[in-house]
Amino acid sequence: MTTAEKYVTAAYLVLLGAVLTYLVIIALKVGRLEQELADLTRMAREKLGG
Amino acid sequence: MSTWSRNREPFLLTAAATVLLLGGLALAFFWAPEDADQGFSQKIFYIHVPIALTAYACFGWGAWKALRLLWIGDRKYDLESYTAIHMGVIFGLLTLVTGSIWAKVSWGQWWTWGERQLVLFLILFLFYSSYFMLRYSTDPGPRRERNSAVYALFGVVLIPVSFLAVRIAGTILHPTIFTHEGANLPGEMLAAFLVCLAGMLALAAGLYRVELAGKRIDAQLRELRELLA
């Protein structure tokens with residue numbers, strides 16, 4: 001692998017890494033929102049006496 | 001916009017981004033000729049420039065939404081402006097990183113302070129990075145929304161300055177591809193570049209939609225929690 005090829009690969013990996021990191025952040029966020037929604041549903045049921 | 005199309009918009013945009021980016025990179029690596037001056041390292045151009053233009057587009061979109069907030073007064077534009085600037089900062093950081101890698105392989109240095117375009121882009125990036133400090137230094141409400149909108153609008157002035165500075169003042173190292181006479185590159189390179197640019201804009205639009213939906217759900221859950229408390 002030439003020096004130029006190494007740097008080009010690094011630049012493309014930066015983009016790929018950013019997209020994958022974003023995917024992980026979104027997955028964590030969806031998990032948190034799911035948990036929060038479950039808590040609120042439970043609170044609403046308790047309030048309504050269900 | 002109907003619920004059906006709103007729900008499917010992020011999926012359609014990210015699907016379009018995947019197809020366009022993969023297609024654009026295939027064109028860039030297997031069809032577009034190798035640059036006579038820079039050789040293989042010029043292939044970074046096909047992601048670096050689309051990322052930079054996407055960052056400008058996100059900042060511009062954020063400023064447009066900020067203007068709509070100040071003009072119309074609808075609070076939904078605050079979240080839209082904030083999300084667009086959030087995306088712009090991510091793409092701005094990617095511009096700086098990919099640009100530094102290209103600079104190292106082409107010029108032999110990661111960064112140079114002598115290039116106006118680089119310094120102005122850094123200023124633009126730091127300006128919008130400070131947006132978050134301003135936003136979270138005040139309590140949520142109309143005052144924070146107005147201050148954030150005014151700040152977002154001020155920043156957009158830097159975009160044409162950053163974009164035109166290198167053309168007005170001339171440059172030593174950073175190449176100027178798009179001039180008044182048109183694109184200064186062969187047709188195959190231009191075609192591959194345009195497909196990559198379309199892909200990057202679709203990716204940013206898809207991520208914007210996903211992020212906006214997440215922030216809206218977050219806000220609605222917070223409101224629901226307050227109602228149930």
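Up top you'll find the structure we're talking about.
Residues numbered from 1 in each chain as written. Chains lettered and ligands numbered in written order. Predicted model: local features only at pLDDT ≥ 70, side-chain atom pairs only at ≥ 80, totals over all residues.

Trainee: I tried to follow the interface of chain B and chain A on my own but got confused; where do I start?
Mentor: A common way to state how big an interface is: give the accessible area lost once the parts meet. Counting residues at the interface gives 23 residues for chain B, matched by 22 residues for chain A. It is helix H7 (residues 187-228) of chain B that provides the largest number of residues to the side of chain B that touches chain A, a total of nine residues. Considering only residue class, the side of chain B that touches chain A consists of 14 nonpolar, five polar and four charged. (Contact = placed C-beta atoms within 7 Å. Helix = DSSP H or I, 4+ residues; strand = E, 2+ residues; numbered from the N terminus. Nonpolar A, V, L, I, M, F, W, Y, C, P; charged D, E, K, R; others polar.)

Trainee: What is the right way to read the packing of helix H2 (residues 45-72) of chain B against helix H5 (residues 142-156) of chain B from this model?
Mentor: All names here are of chain B. Contact pair H2 / H5: the axes reach a minimum separation of 8 Å and the direction vectors enclose 135°. Between H2 and H5, the interaxial angle falls into the category oblique. Here H2 and H5 pass one another in a crossing that is left-handed. Note on element contacts: H5 touches H2 through Glu145, Arg146, Ala149, Ala152, Leu153, Gly155 and Val156, opposite Phe59, Gly60, Gly62, Ala63, Ala66, Leu67, Leu69 and Leu70. Looking at the contact of H2 with H5 residue by residue, the class counts come to 10 nonpolar, three polar and two charged. (Axes fitted to C-alpha atoms, helices over the stretch in contact; angles between N-to-C directions. Parallel < 35°, antiparallel > 145°, perpendicular 65-115°, else oblique. Left-handed = near helix turned anticlockwise from the far one by under 90°.)

Trainee: Would you explain helix H1 (residues 3-48) of chain A in this entry?
Mentor: Given 3.6 residues per helical turn, the α-helix brings residues three or four places apart onto the same face. A rise of 1.5 Å per residue sets the reference length of H1 of chain A, with its 46 residues, at 68 Å; its end C-alpha atoms lie 67 Å apart and thus fit the reference within 8%. Every buried residue of H1 of chain A is listed here: Tyr7, Val8, Ala11 and Val14 of chain A. Contacts made by the buried residues of H1 of chain A are with H2 and helix H3 (76-107) of chain B. Within two residues after H1 of chain A, Gly49 of chain A carries a phi angle of roughly 75°, on the positive side. (Expected span 1.5 Å × (residues − 1). Buried ≥ 20, exposed ≤ 12 C-beta atoms within 10 Å, placed from the backbone.)

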